[in-house]
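Structural overview
Residues per chain, in single letters:
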Amino acid sequence: MAEPNDPILLFDTGVGGLTVYDALRDILPDAPVIYAADYAGIPYGQKTEAEVGARVAGLLGRMAERYQPRLACIACNTASTIALGMVREVLEIPIVGTVPAIKPAASLTKTGTIALVGTKATIRQAYVDDLEAQFASGKNLLRIAAPELVDIAEAKLRGHAIDDTAIRALAEALRGTPDGETIDTLVLACTHFPLLSDEFALAFGPDVNLVDGAQGIARRIAALLEGQRFDPGERSRFVVTGPADRAAGLERALSARGLGVAQSFTNP
Ligand code: DGL
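Notes on the structure follow. In this text, all values refer to a predicted model and were calculated from it rather than measured experimentally.

1. Description of the sheet that holds strand β1 (residues 8–12)
With respect to topology, six strands assemble into an open sheet ordered β4-β3-β1-β2-β9-β10, the strand pairing being parallel. Edge positions in the sheet fall to β4 (95–96) and β10 (263–266), since each of these pairs with one other strand and no more. Note: strand β2 (residues 33–37) against strand β9 (residues 237–241), four bridges, orientation parallel. What sits directly across from Y35, in β9, is F238. Set on the sheet, helix α1 (residues 18–27) makes contact with β1, β2 and β3 (71–74); between it and β2 the angle comes to about 170°.

Listed below in structure tokens is the structure:
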């Protein structure tokens, strides 16, 4: 049984997983969390499957050793769709993944046309093919990569003014594909993207539902930890791979979430 001060480990390449952190905070306000951002490895979306798999399994193994978490959540669609199985083999604690929210999207769509926007690596995964076959057969799932939005989401959370040209161009590109005009549901299949939900809503208009997995993942974590106790005095922390100044500009976002000052996990 976990001790009350054992943390939950949330892992992403950057701030995308904070969308899961925020949803988790609503359900488990007292849970101590170690939020780990792999800034030395960002972006995963441009890496090969072998690179992501080795990196995620290795890093999570070392982090689990250091922080002794009661549960780890890979709050990154790219890492989860590639490495979830591998990580589950390596670690003995429960591992929760973040996979594209195709199932809820399929039950929401009225037109049957769903768009899925993720990183380059995510949209080509067999994991996504399987989700599509399982939950969206008979629907039309249009996949598109938007790796440039990861940096834009990082900039937004640092309080920088952002340019919405890339999101508008994405909306236009999707509408220009066959059946694009009938898209009524958009899966934000990268944890960074809900940070841009206002911009997505403006670019796609009020008739398109935006769907992401953050709430569902938070509920899954809470269900797995049901009955466990949390020490409200145990502080949550934000750690980064590489130098801590990779988190420069995030001070407000971190302190608003009770995550303190960024610390360096290591310098890989
Ligand atoms: N946040 C990550 C995801 O959910 C991707 C960012 C990256 O490319 O590193 O896919």
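2. Section: the pattern of salt bridges
When the charged atoms of two side chains with opposite charge come close together, those side chains can pair. Under the criterion given, the structure shown has eight salt bridges. E49 is the partner of R124 in a salt bridge, and the nearest nitrogen-oxygen pair spans 2.7 Å. Here the residue R124 occupies a position in the loop between α5 (120–123) and α6 (126–135), and E49 occupies one in helix α2 (residues 49–67), the gap between them amounting to 75 residues. According to the relative accessible area criterion, E49 is partly exposed, its value standing at 31%. In this structure, D129 engages R143 in a salt bridge whose closest nitrogen and oxygen atoms are separated by 2.8 Å. With a gap of 14 residues between them, D129 in helix α6 and R143 in strand β6 (residues 140–145) connect regions that are remote in the sequence. Overall, D129 belongs to the partly exposed group, its relative accessible area being 36%. By relative accessible area, R143 is classed as partly exposed at 26%.

3. With respect to the nonpolar core
Among the nonpolar cores identified, the biggest contains 59 residues, and I8, F200, I221 and F238 are the most heavily contacted of them. In this structure, M63, A72, I74 and A83 belong to the second largest nonpolar core, which totals 25 residues.

4. Focus on the site of the ligand
The environment of the ligand is made up of 14 residues, and the closest members are Y44, N77, T78, T191 and H192. Here an oxygen atom of the ligand sits 2.6 Å away from a polar atom, N or O, in the side chain of T78. When the free accessible area of the ligand is taken as 300 Å², the share hidden by the protein chains comes to 99%. Because more than half of its atoms lie within 2 Å of the grid, the ligand is assigned to the second largest pocket.

5. As for the pairing of β1
When you tally the buried positions in β1, you get five out of five residues, the bulk of the element. Every second residue of β1 is oriented toward a common face, with I8, L10 and D12 on one face and L9 and F11 on the other, all of them buried. In terms of strand pairing, β1 meets β2 through five bridges, oriented parallel. Pairing of I8 across the sheet is with V33, part of β2. For the crossover from β1 across α1 to β2, the handedness is right-handed. In the sheet, β1 pairs with β3 via four bridges, with the strands oriented parallel. Within the sheet, the bridge partner assigned to L10 lies in β3 and is C73.

6. Comments concerning the packing of helix α8 (residues 165–175) against helix α9 (residues 197–204)
The interhelical angle for the contact between α8 and α9, taken along N-to-C directions, is 45°, at an axis separation of 9 Å. When the axis of α8 is compared with that of α9, the two are oblique. Along this stretch, α8 crosses α9, giving a crossing that reads as right-handed. Seen from α8, the contacting residues are I167, R168, L170, A171, L174 and R175; seen from α9, they are E199, F200, L202, A203 and F204.

7. Section: α8
Note: α-helices contain 3.6 residues per turn, so residues at a spacing of three or four share the same orientation. Within α8, burial applies to I167, L170, A171 and L174. Projected down its long axis, α8 carries its buried residues within an arc of 100°, all on one side. Elements in contact with the buried residues of α8: β5 (113–118), β6, α7 (148–157), β7 (185–188) and α9.

8. Things to note about unusual backbone geometry
Following I42, the chain continues into P43 via a peptide bond in cis, with omega recorded as 5°. Looking at the element boundaries, P43 is found in the loop between β2 and α2. If you check the backbone angles, D179 has positive phi at about 75° while not being a glycine. Secondary-structure assignment places D179 in the loop between α8 and β7.

Criteria and thresholds
- Residues numbered from 1 in each chain as written.
- Predicted model: local features only at pLDDT ≥ 70, side-chain atom pairs only at ≥ 80, totals over all residues.
- Heavy atoms only, no water.
- Pairing = 2+ DSSP bridges.
- Helix = DSSP H or I, 4+ residues; strand = E, 2+ residues; numbered from the N terminus.
- Contact = heavy atoms within 4.5 Å.
- Axes fitted to C-alpha atoms, helices over the stretch in contact; angles between N-to-C directions.
- Salt bridge = Lys/Arg side-chain N within 4 Å of Asp/Glu carboxyl O.
- Buried < 20%, exposed > 50% of the residue type's maximum accessible area, 1.4 Å probe, protein only.
- Core = buried A, V, L, I, M, F, W, Y, C linked by side-chain atoms within 4.5 Å.
- Near = heavy atom within 4 Å.
- Polar contact = N/O pair within 3.5 Å; in protein donor to acceptor, adjacent residues only side chain to side chain.
- Areas by Shrake-Rupley, 256 points an atom, 1.4 Å probe, with all protein chains shown as cover.
- 1 Å grid on protein atoms, 1.4 Å probe; cavity = no way out; pocket = protein on both sides within 12 Å on 5 of 7 lines; lining within 4 Å.
- Sits in = over half its atoms within 2 Å of the grid points.
- Right-handed = clockwise from strand over helix to strand, strands pointing away.
- Parallel < 35°, antiparallel > 145°, perpendicular 65-115°, else oblique.
- Left-handed = near helix turned anticlockwise from the far one by under 90°.
- Arc of directions from axis to C-beta.

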